[in-house]
Amino acid sequence: MILRERRRPSFDGELVMRTTLAWVLVCVLLLVTGAGAILSNRFPDPDDALRLIQVRDLIAGQSWFDLTQHRIDAAHGGVPMHWSRLVDLPLAAMLLLLTPIVGSSLAETITIVAVPLLTFGLALLLAGRIAWRVIGDEAATFACLALAISVPVVGQLRPLRIDHHGWQIVLALATLNALMARSARTGGRIAGLALAAWLAISLEGLPMAAAFAGIAALRWLRNPVDCGWLVHLMQGLAGGSLLLFFATRGIGDLTVHCDAIGPVHLAMFALASLVLTALGSVRALPMVPTLAGFALAGGGALAVLLTAAPHCATGTFDMLDPVVRRFWFDNVLEGMPVWRQDAGTALQTLLPPLIALWSTVKLMGNSQDWLRRWWRDYALLLAAALLLSVLVTRAGAVAGAFAAVPLGWQMREWIVAARRHRVVRRRVAALAGVGLALLPTLPLTLLGLAMPLRAASAVAAPRVSSCGIAEAAATLRALPQGDILAPLDIGPGLLLETGHSVVATGHHRAGPAIRAVIDSFTGNAAAAHKIIAERGIEYVALCPQLAEPVLYRTAAPDGFAAQLSRGHIPDWLAPIAVPGGVDLKVWRVVR
C-alpha cells in the first residue's frame, strides 16, 4: 500500500484522549512499581538529590543567577554548577504552590513524583502526535505504548527522576514535531527555539542539534525554495540561546565554559545565522555557491570556537585530571560507550532503535512525495541518535524516543499479520517480533531465571539508596555543622538530609576537590589525615559495601578506605553511633 501526504491539524481531541489514556496507564504502573522508592525518597541517581538541593536553595533565597553549590568544596567557596534554571522552574513552582497547602515535606514528595510524570505525559503527546498526523489513530496508540515501554526512556522519566534528562527527551521530540510543519518559517523557528532550550539545559544536545541543522540543510539542497528551514532554525537557535542565556545566567559569569552555553557559543550561533540569512536572501543560487555558504557558516562558527576557546574543541571531560578520570569519570557507565555496558543494557539501548530504523526505511519505501521525504529525514535523525547512543549510552533515551513512532507502526503491522496468518508458526513469529521489539532483554531475563546460581553471583554492588543516610539523618543533623569527607556518590544524599557540607560530589567542575577525596581514600591514613587537617574537615563517612569504596579498596588494599572498611580506625577518629542495620559509618575527627 502506497502512503501519501496526510498531515492532520496540529492537535485533536481524539489524539489527546488516546495520549491521556496511555499516560494514565503509565502513571499507574510506575507508581505501583516504584512505591517503595517513593515512600522512602530513594532517588534513582545522586544527581536527582542534588537537583532538589539546588531548588531548595533557590526557594530559600539563593539568587536566581547564582548556581553555586556552596556546601560542596566549601573550603574553597563552593562549586559553580553548569545546570540550568529551566529545569528548576517547574519543580520550584510546584513546591511554592503546594507547600502552603500540604506542608513542605509532602509538597516535596508530590513534586518529585508529579513533575517527572507530567514530563512523561508531554513526551507521550509529542510522540503520539507524529504517528497520529502521518500514519493514523491506531499507530498513535502503539507509538505511545512503544515509548512507555522503552527502558532508556522510562529510566529518565520515572518518579523521582527530576534531573534534566527527561526534558531533553521532550525537547528532542518537540524539535522533531516542528519539522512536520507546513510553513518553513514557523517550523524552523519552533525547531530553533526547542534546540536553544535543549542546549541551555545540557550542551550534550549539541551533536543532535547539528543533525537537525543538517536535515534542514538537506531540505535546502533538495529544493532551494526550502532554504527557510535552515535559515529560520538558525535564527531561532541564535535568538533563543541569547534570550535564555540572559534570562537564566545573567552577566555575572561571562567566563568561557566548555560544559554550558556561554558567550563563545552565542557568537558561533549568531555568525552562522547571519551567514545563512544572507545566503537565503539570494534566490535561485546554484548548488556549489550554496555549499560554499554552508562551509563558511560552519567553518566560521568553528573558527570562533578554536580562537576563543581552543580548550573546548576536544570536549569537556578531556581536561580532567587523569586520576579523577580513572577513579570517577571512567566508572560513570551511563556516559560510556555501549560496548562498556552489560549485555542487557546494550540490547535495550540498540535493538529497538535498530528495528525502528528498519521500519522507517520500509515506511519510506511505501510512501510518496512529501511523506517519502519526511521518512527519509526521520531515518537520518534516528540513525544519528542511534550512533550517538553507541558512543554515549545515556543518549539512548533520545534514540528510544525517536524509535517509538516507527516501532509503533511496526508493532501494529506484526499484530495485524499475526491475526491474518492461519499457520501457527507464522503467527507465533509475528507475535515474537512484537515481544522482541518491546522487551529485547526478555531472553536474558529468562536465562537468568533458568540459571539462578549464576545470576546470583552476578549481582551488582548495592545502590547508594541502601547506604542508610535517611535512617541516620536525625543523628547527623544533631551534630555541629561541619565538612564531611565522604565518597562522591553519597555526597548529595548527605547534603539533602543534613545541613553539613561535603568535600566533593561526582560533578566535574569540582575536579580538585574530587582529587582530594580520591587521594584521601586511596592514600594511607597519614596522607588522609594531612588532607583532612588542611581542609578543616570535621567528619568522615563511608558506606563500605558500595561500588565506590570497593573501587578504592581494590586500587589501594592498604589505603585509608580499606583500613576503615576492615575496622582499623586511627586514633584521630572517634566513631559516631548511628542507627543499627545501616551500612553508613561515621567518625568525628579528633583535633
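Since the model is a prediction, treat every value here as computed from it, not as a measurement. (Residues numbered from 1 in each chain as written. Predicted model: local features only at pLDDT ≥ 70, side-chain atom pairs only at ≥ 80, totals over all residues. Heavy atoms only, no water.)

Enquirer: Please explain a nonpolar patch on the surface as it appears in this structure.
Expert: The grouping of Ile-101, Val-102, Leu-106 and Ile-110 at the surface amounts to a nonpolar patch, some 330 Å² of accessible area in total. Elements with a minimum of two residues in the nonpolar patch: helix 4 (85-102) and helix 5 (104-134). You can see Val-102 is positioned in helix 4. (Patch = residues over 30% accessible without salt bridge, like charges linked within 9 Å, V, L, I, M, F, W, Y side chains within 5 Å. Areas by Shrake-Rupley, 256 points an atom, 1.4 Å probe, with all protein chains shown as cover. Salt bridge = Lys/Arg side-chain N within 4 Å of Asp/Glu carboxyl O. Helix = DSSP H or I, 4+ residues; strand = E, 2+ residues; numbered from the N terminus.)

Enquirer: What's the story with the pattern of salt bridges in this structure? I'm lost.
Expert: Side chains bearing opposite charge may pair, as long as their charged atoms lie close to each other. Under the defined criterion, the tally for this structure stands at 17 salt bridges. Measuring nitrogen to oxygen at the nearest pair gives 2.9 Å for the salt bridge that ties Arg-219 to Asp-377. Within this pair, whereas Arg-219 is found in helix 10 (residues 206-222), its partner Asp-377 is found in helix 16 (residues 369-391), the two being separated by 158 residues in sequence. Across the pair, exposure class does not vary: Arg-219 and Asp-377 are buried alike. Here the salt bridges do not stand alone but share partners, grouping Arg-51, Arg-85, Asp-88 and Asp-163 into one network. (Buried < 20%, exposed > 50% of the residue type's maximum accessible area, 1.4 Å probe, protein only.)

Enquirer: How do you make sense of the packing of aromatic side chains when you look at a structure like this?
Expert: Think of a pair of aromatic rings as described by two things: how far the centres are apart, and how the planes are tilted against each other in angle. Taken as a whole, this structure holds 13 aromatic pairs when the rule is applied. Measuring from centroid to centroid gives 6.0 Å for Phe-327 and Tyr-552, while their planes differ by 45°, and the two rings are tilted. Note that Phe-327 is positioned in helix 14 (residues 322-327) and Tyr-552 in helix 25 (residues 547-555), a separation of 225 residues in sequence. For the ring pair Trp-375 and Tyr-378, a centre distance of 5.4 Å and an interplane angle of 50° mean the geometry is tilted. Here the residue Trp-375 and the residue Tyr-378 both occupy positions in helix 16, the gap between them amounting to three residues, near one helical turn. The class for Tyr-378 is buried, based on a relative accessible area of 2%. An aromatic cluster is built from Phe-327, Phe-521, Tyr-552, Phe-560 and Trp-572, whose rings are joined through pairwise contacts. Its end group placed over the ring of Trp-64, Arg-85 keeps NZ or CZ at 5.9 Å from the ring centre. Here the basic side chain of Arg-219 rests over the ring of Trp-229, its NZ or CZ set 4.5 Å away from the ring centre. (Phe/Tyr/Trp six-rings, centres within 6.5 Å; stacked < 30°, edge-to-face > 60°. Lys NZ or Arg CZ within 6 Å of the ring centre and 35° of its normal.)

Enquirer: Please explain the nonpolar core as it appears in this structure.
Expert: Side chains that are nonpolar tend, in soluble globular proteins, to be buried together. With 186 residues, the main nonpolar core has Trp-374, Trp-375, Phe-402, Phe-521, Val-540, Phe-560 and Leu-584 as its most contacted residues. Considering every element that reaches this core, the biggest residue donor is helix 5, with 15 residues. Non-local contacts of Leu-584, meaning those with residues more than four positions away in its chain, are made with Cys-467, Ile-469, Ala-472, Leu-476, Ile-490, Ala-541, Leu-542, Cys-543 and Val-578. (Core = buried A, V, L, I, M, F, W, Y, C linked by side-chain atoms within 4.5 Å. Contact = heavy atoms within 4.5 Å.)

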